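Chain residues, written in single-letter form:
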2 protein chains.
Amino acid sequence: MALGNLYIISAPSGAGKSSLISALLEQDNEGKMMVSVSHTTRSPRPGETEGVHYYFVSQTEFEQLIEQNLFLEYAKVFGGNYYGTSLPAIEKNLAQGIDVFLDIDWQGAQQIRAKLPSVKSIFILPPSLAELEKRLIGRGQDSAAVIAERMSKAVDEMSHYDEYDYVIVNDDFAQALADLRHILRAERLTTDYQRTQNAVLINQLLAK
Amino acid sequence: MALGNLYIISAPSGAGKSSLISALLEQDNEGKMMVSVSHTTRSPRPGETEGVHYYFVSQTEFEQLIEQNLFLEYAKVFGGNYYGTSLPAIEKNLAQGIDVFLDIDWQGAQQIRAKLPSVKSIFILPPSLAELEKRLIGRGQDSAAVIAERMSKAVDEMSHYDEYDYVIVNDDFAQALADLRHILRAERLTTDYQRTQNAVLINQLLAK
C-alpha cells in the first residue's frame, strides 16, 4: 500500500485555514486524509471529545512522553499548559496510506522540519491585509487594542511564509481548496514518492 | 503577469507521451500551454509546417545558432541532421505566462538541467513491459528484431526516470492527464514561484 504524506499547514488566524481543512476532509470519501490529534494538558471544554479534538493527559503523563522523545514538537503555552504532536499515532496513519495534516504554527513547523526534513509544508495567506482585518474583527466585539494585537500576531506568523514548500492565497475559497488537492496529488507523483511506492512496477520495467 | 514554467517531458516510445501532451493542449482554452518548437536541418515531410512542427533551417544557420549559444540543447543524430531547442522563443512564451513543454529524451534533458537547474521535469512510464511491447508492436508490421530494438531503447530511456522531478504512470489515460494538470498547478503554488509572482501581495501583507 502506498504510504501517506505528512503535511504541516500553517496560516495567520483569519486566513481560513480551518475552513479549508474541514472542506478538504469532507470531500475525502475514502478516509485517506486526517488532521493529527494533539496531546494537551489543558482540561476539555464543553463539546470536546477525547481522541477527536485532543488527547487529554496530565502534566506528568505529558512530561513522560517528552522524556520518551515521542513528540515531534511540543510547547508550553502562556498559562502553563502543554500542547504537542506525538509521532506514533501519525506513523500508524501514514502507514495506512493516509495523508496526515499538522495544523500548527511556524514555531511547531520549525521543530518538525528539524526532526523530519522530508515533511511537506503549506502556508495559507489571506488575499489582503484589509480582508484579514475584516475577518479578525468579524469574529466578535473585541476592542481595537485586541484587534491590533491579533493583526500584529498574524503579520508575525506570515513573516515565516517562505520557510514553507507551498503558498496558497485564499482569495477564492473553491480555488484555494482545489489548490490544496493539486498539491496533495502532485506530491504523490514526485520521483521520491514513486521510487518507493511504485518500486515493483519500476523494477519490472527496468529488468529487461 | 505570472511567468510560465518550463517543463521537460520524457518517456519511452509507447508510453503515450504525445497523446497526453495533445490532450493537455486541447483542454487549454486560455492559450497558456504550448510545446516548444524545435529547430532541425532535416527537410520538411509532407504535412509539416514551418514554425508549427519545426523551424526548418540550413546546416550553416544551425551551426551559427550553436556558436551564438542560443540552444538550450541540441544533438546531431544518425544521418547527420541537427535537432535543437532554442532559448529565445521559449523565454518569450514564458514571459507571457505560458507553460512551455520540451518533448525531449533523457540526453536532451541532461543538457537542459545543466544550463537551467530550475527546469521541472516529468517522466511518463507505461503500466507494464507487456503493455509497452503491445503498443510498440501495434504500430506496424515490424520484424521481431525491430521490436526488440525498440524495447531495448525504451528500457534504456526508462533507466533515467529518476533524474526527473515527477513520474506519472500512464495506466488510466484520464488519470494520467489529470496528474499532469495537478503537477502544473502545484508548481505554481511553490514558495519559489509565489515569492516572485505574488510579490506585491506578500509585501503588502508583511508591511504592517
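If you're wondering where the values come from, they're calculated on a predicted model, not measured in any experiment.

Parameters at a glance
- Counting of residues starts from 1 at the beginning of each chain's written sequence and follows it residue by residue.
- By the order in which they are written, chains take letters starting at A while ligands take numbers starting at 1.
- It should be noted that, the model being predicted, local features are given only for residues of pLDDT at least 70 and side-chain atom pairs only at 80 or more, the latter also being counted only at that level, while totals for whole chains, interfaces and linings use all residues.
- Values shown for side chains rest on all heavy atoms present in the structure; no hydrogens or waters enter the calculation.
- An axis is simply a line fitted to the C-alpha atoms; with a helix, the fit covers only the stretch in contact. Between two such axes, the angle follows the N-to-C directions and lies from 0 to 180 degrees.
- Here a strand is any run of E in DSSP of at least two residues, a helix any run of H or I of at least four, and the numbering for each starts at the N terminus.
- When the near helix sits turned anticlockwise from the far one by under a right angle, the crossing is termed left-handed; a clockwise turn instead gives a right-handed crossing.
- Whether two residues touch is decided by their heavy atoms; if any such pair falls within 4.5 Å, the residues are in contact.
- Classification used: nonpolar for Ala, Val, Leu, Ile, Met, Phe, Trp, Tyr, Cys and Pro, charged for Asp, Glu, Lys and Arg, polar for all others including Gly.
- Partly exposed describes any residue whose relative accessible area lies between the buried limit of under 20% and the exposed limit of over 50%, with all areas from a 1.4 Å probe on protein chains only and scaled to the type maximum.
- Here the copies are superposed with least squares, the fitted atoms being C-alpha atoms of residues at a pLDDT of at least 70 in both.
- A side-chain nitrogen of Lys or Arg and a carboxyl oxygen of Asp or Glu constitute a salt bridge if their distance falls within 4 Å.
- Aromatic pairing here means that ring centres of Phe, Tyr or Trp (its six-membered ring) are within 6.5 Å. Orientation follows from the plane angle: under 30 degrees is stacked, over 60 is edge-to-face, and everything else is tilted.
- Identification of polar contacts relies on pairs of N or O atoms within 3.5 Å, with a donor-acceptor requirement for protein atoms, meaning one able to donate a hydrogen and the other able to accept it, and with residues adjacent in sequence counted only if both atoms are side-chain atoms.
- Criterion used throughout: strands pair if DSSP finds at least two bridges between them.
- UniProt positions are given in the numbering used here, feature names are shortened, and annotations may be inferred rather than shown by experiment.

Colleague: Could you give me a rundown of the packing of helix α1 (residues 17–27) of chain A against helix α7 (residues 173–187) of chain A, with the residues and numbers involved?
Modeller: Residues and elements named next belong to chain A. Following both chains from N to C, one finds α1 and α7 inclined at 65°, their axes separated by 10 Å at the closest point. For the pair α1 and α7, the sense of crossing is right-handed. Here S19, L20, A23, L24 and Q27 of α1 lie close against α7, whose contacting residues are F173, A176, L177, L180, R181 and L184. Residues of the contact of α1 with α7, tallied by class, amount to eight nonpolar, two polar and one charged.

Colleague: For unusual backbone geometry, give the residues involved together with the corresponding values.
Modeller: Residue and element names in this part refer to chain A. The phi angle at N69 is positive, at roughly 60°, despite the residue not being glycine. By secondary structure assignment, the location of N69 is in the loop between α2 (59–67) and β5 (71–76). Note on N69: relative accessible area 56%, which makes it exposed.

Colleague: Outline the relation of the copies chain B and chain A, listing residues and values.
Modeller: Take chain B, turn it by 180°, move it 0.0 Å along the axis, and it overlays chain A with an RMSD of 0.0 Å. On the angle and the small slide along the axis, the relation comes out as a two-fold axis. For chain B, the smallest separation between a C-alpha atom and the rotation axis is recorded for H182(B), amounting to 2.3 Å. Most of the interface of chain B is mirrored in chain A, where 97% of its interface residues are also at the interface.

Colleague: An account of the pattern of salt bridges is requested, with residue identities and associated values reported.
Modeller: Where charged atoms from two side chains of opposite charge come close, those side chains can pair. Considering all chains together, one arrives at 18 salt bridges over all chains under this definition. A salt bridge links E131(B) to R135(B); its shortest N-O distance comes to 3.0 Å. In this pair, E131(B) and R135(B) both sit in helix α5 (residues 129–137), four residues apart, roughly one turn of the helix. Here R135(B) falls in the partly exposed class, since its relative accessible area comes to 23%. Residues joined in a network through salt bridges with shared partners are E131(A), K134(A) and R135(A).

Colleague: I'd love a proper account of the environment of S152(A), names of residues and values included.
Modeller: All names here are of chain A. Mapping S152 onto the fold places it in helix α6 (residues 144–158). Given the relative accessible area of 46%, S152 is considered partly exposed. Along the primary structure S152 and P12 are separated by 140 residues, whereas in three dimensions their C-alpha atoms are 10.0 Å apart.

Colleague: Please provide a residue-by-residue account of the packing of aromatic side chains, values included.
Modeller: How two aromatic rings sit relative to each other is set out by the distance from centre to centre and by the angle between their planes. Residues and elements named next belong to chain A. Evaluated as defined, the whole model comprises 18 aromatic pairs over all chains. Ring geometry for Y7 versus F101: centroids 5.9 Å apart, planes at 40°, classification tilted. Taken together, the residues span a long stretch of sequence, with Y7 in strand β1 (residues 6–10) and F101 in strand β7 (residues 99–103) at a distance of 94 residues. Here the two residues Y7 and F101 agree in accessibility, since each one is buried. Seen from their ring centres, F71 and Y74 are 6.0 Å apart, and the 50° between their planes marks the pair as tilted. Judged by its relative accessible area of 3%, F71 falls in the buried class.

Colleague: How would you explain the interface of chain B and chain A if you had to name every residue and give the values?
Modeller: Size of an interface, as often reported, equals the accessible area lost when the parts are brought together. At the interface, 37 residues of chain B touch 36 residues of chain A. Taken together, the connections running from chain B to chain A amount to two salt bridges. Between D179(A) and R185(B) there is a salt bridge, with the nearest N and O atoms lying 2.6 Å from each other. Linking chain B with chain A are 13 residue pairs in polar contact (both at pLDDT 80 or more).

Colleague: Please give an account of the sheet that holds strand β8 (residues 120–125) of chain B that cites residues and values.
Modeller: Residues and elements named next belong to chain B. With parallel pairing, the five strands of this open sheet are ordered in space as β2-β7-β1-β8-β9. Lying at the two open borders of the sheet, with one neighbouring strand each, are β2 (33–35) and β9 (166–169). Here the strands of the sheet are splayed against their neighbours by 25° on average, with no regard to which way each runs. Where β8 lies against β9, four bridges are found, and the strand directions are parallel. Note on β9: the bridge partner recorded for L125 is V169. Contacting β1 (6–10), β2, β7 (99–103), β8 and β9, helix α7 (residues 173–187) crosses the sheet at an angle of about 160° to β9.

Colleague: Outline the sheet that holds strand β4 (residues 54–56) of chain A, supporting the account with residue identities and numerical values.
Modeller: Residue and element names in this part refer to chain A. Read across the sheet, four strands follow the order β4-β3-β6-β5 without closing on themselves; strand pairing throughout is mixed. Every other strand in the sheet has two partners, leaving β4 and β5 as the edge strands with one partner each. When the angles between neighbouring strand axes are averaged without regard to direction, this sheet yields 25°. As paired elements, β5 and strand β6 (residues 82–86) share five bridges and run antiparallel to each other. Looking at the pairing, Y74 lines up with G84 of β6. Docked against the sheet, helix α3 (residues 87–95) engages β5 and β6, running at close to 35° with respect to β6.

Colleague: Account for the UniProt feature "binding site: ATP" (unreviewed entry) in chain A, naming residues and giving values.
Modeller: Residue and element names in this part refer to chain A. Annotation from UniProt places "binding site: ATP" (unreviewed entry) at A11, P12, S13, G14, A15, G16, K17 and S18. When you line up the elements, A11 lands in the loop between β1 and α1. Note on A11: relative accessible area 10%, which makes it buried. Residues within four places of A11 in sequence aside, it is in contact with K17, F123, I124 and E157. Structurally, A15 is set in the loop between β1 and α1. What A15 contacts, discounting residues up to four positions off in sequence, is I124, L125, P126, L132, R135 and N170.

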